[in-house]
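Secondary and tertiary structure notes
Okay, here's what each chain looks like letter by letter:
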Amino acid sequence: MKKIAFSTLAAMGAIALPAAAQAQDAGQADITIGATVGLHDLGIDLGDLDADDGEFDDFNIDDSAEIYGGFIAADFPIGSNLFAGIEGNASFGSGPIEAEYGASARLGFRTESGAKIYARGGYQWVDLDIENLTGFSEDFLDDNDIDVNDVGGDYLVGVGVEVPVSSVVLRANVDTIAFDTLRGTVGVGFKF
């Protein structure tokens, strides 16, 4: 599955980047800056633990976090209705996520009303709050020489839609990181 996703990302990049460069030469960038809010489910599964012996009865992981952040996107037309672009995002979270940030390429279709429907692929880093996630304090982990890597990253794939309403853009995205997590966001942006 990861090979398919990587191949898809590579194909999107091969299509999007030359087209974006060509459109940029024409000076037709469509820039959007905005704010987002969402929910990121980390997809942690305790099913692999042997809980039949009662050792893990009180061990609960809440792996969903609200995320709040912003984005900046630049889209370049390819013909009359297609576009290619790039996007950067950064968010802070509650619960098990302290922060996350990433970049992606976008490839999509613009309707006659100006709405954009797109697929995107890129890379996303997530900074975890291990204490909030597991219930074990950082002091406990340090005292017991338990080294936990709290920042990880992997490829991101997703789909989204942006709808212009008066002078703002409303948007919604659904993404996954390596097909292990599920992340949904909504937001509002301003075009420049």
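This is a predicted model, so every value here is computed, not measured.

The rules behind these values
Residues numbered from 1 in each chain as written. Predicted model: local features only at pLDDT ≥ 70, side-chain atom pairs only at ≥ 80, totals over all residues. Heavy atoms only, no water. Patch = residues over 30% accessible without salt bridge, like charges linked within 9 Å, V, L, I, M, F, W, Y side chains within 5 Å. Areas by Shrake-Rupley, 256 points an atom, 1.4 Å probe, with all protein chains shown as cover. Salt bridge = Lys/Arg side-chain N within 4 Å of Asp/Glu carboxyl O. Helix = DSSP H or I, 4+ residues; strand = E, 2+ residues; numbered from the N terminus. Phe/Tyr/Trp six-rings, centres within 6.5 Å; stacked < 30°, edge-to-face > 60°. Lys NZ or Arg CZ within 6 Å of the ring centre and 35° of its normal.

A few words on a nonpolar patch on the surface. A cluster of nonpolar residues, Ile117, Val161, Val163, Val165, Leu170 and Val188, forms a patch on the protein surface that exposes about 420 Å² of accessible area. The biggest single contributor to the nonpolar patch is strand β6 (residues 151–165), with three residues. For Leu170, the position within the fold is in strand β7 (residues 168–177).

Moving on, we come to the packing of aromatic side chains. Tallying each qualifying case throughout the model produces five aromatic pairs. In this structure, Arg106 is placed above the aromatic ring of Tyr118, and the distance from its NZ or CZ to the ring centre is 4.1 Å. One Lys or Arg, Lys116, reaches over the ring of Phe83 and ends 5.1 Å from the middle of that ring.

A few words now on the pattern of salt bridges. Side chains that differ in charge, positive against negative, can pair when their charged atoms come close. Taken as a whole and assessed by the stated rule, the structure comprises 13 salt bridges. For the salt bridge of Arg110 with Asp30, the shortest nitrogen-to-oxygen distance reads 3.4 Å. You can see Arg110 sitting in strand β4 (residues 97–110) and its partner Asp30 sitting in strand β1 (residues 30–41), a full 80 residues away along the chain. Arg171 is paired through a salt bridge with Glu162; the nearest N and O atoms lie 3.0 Å apart.

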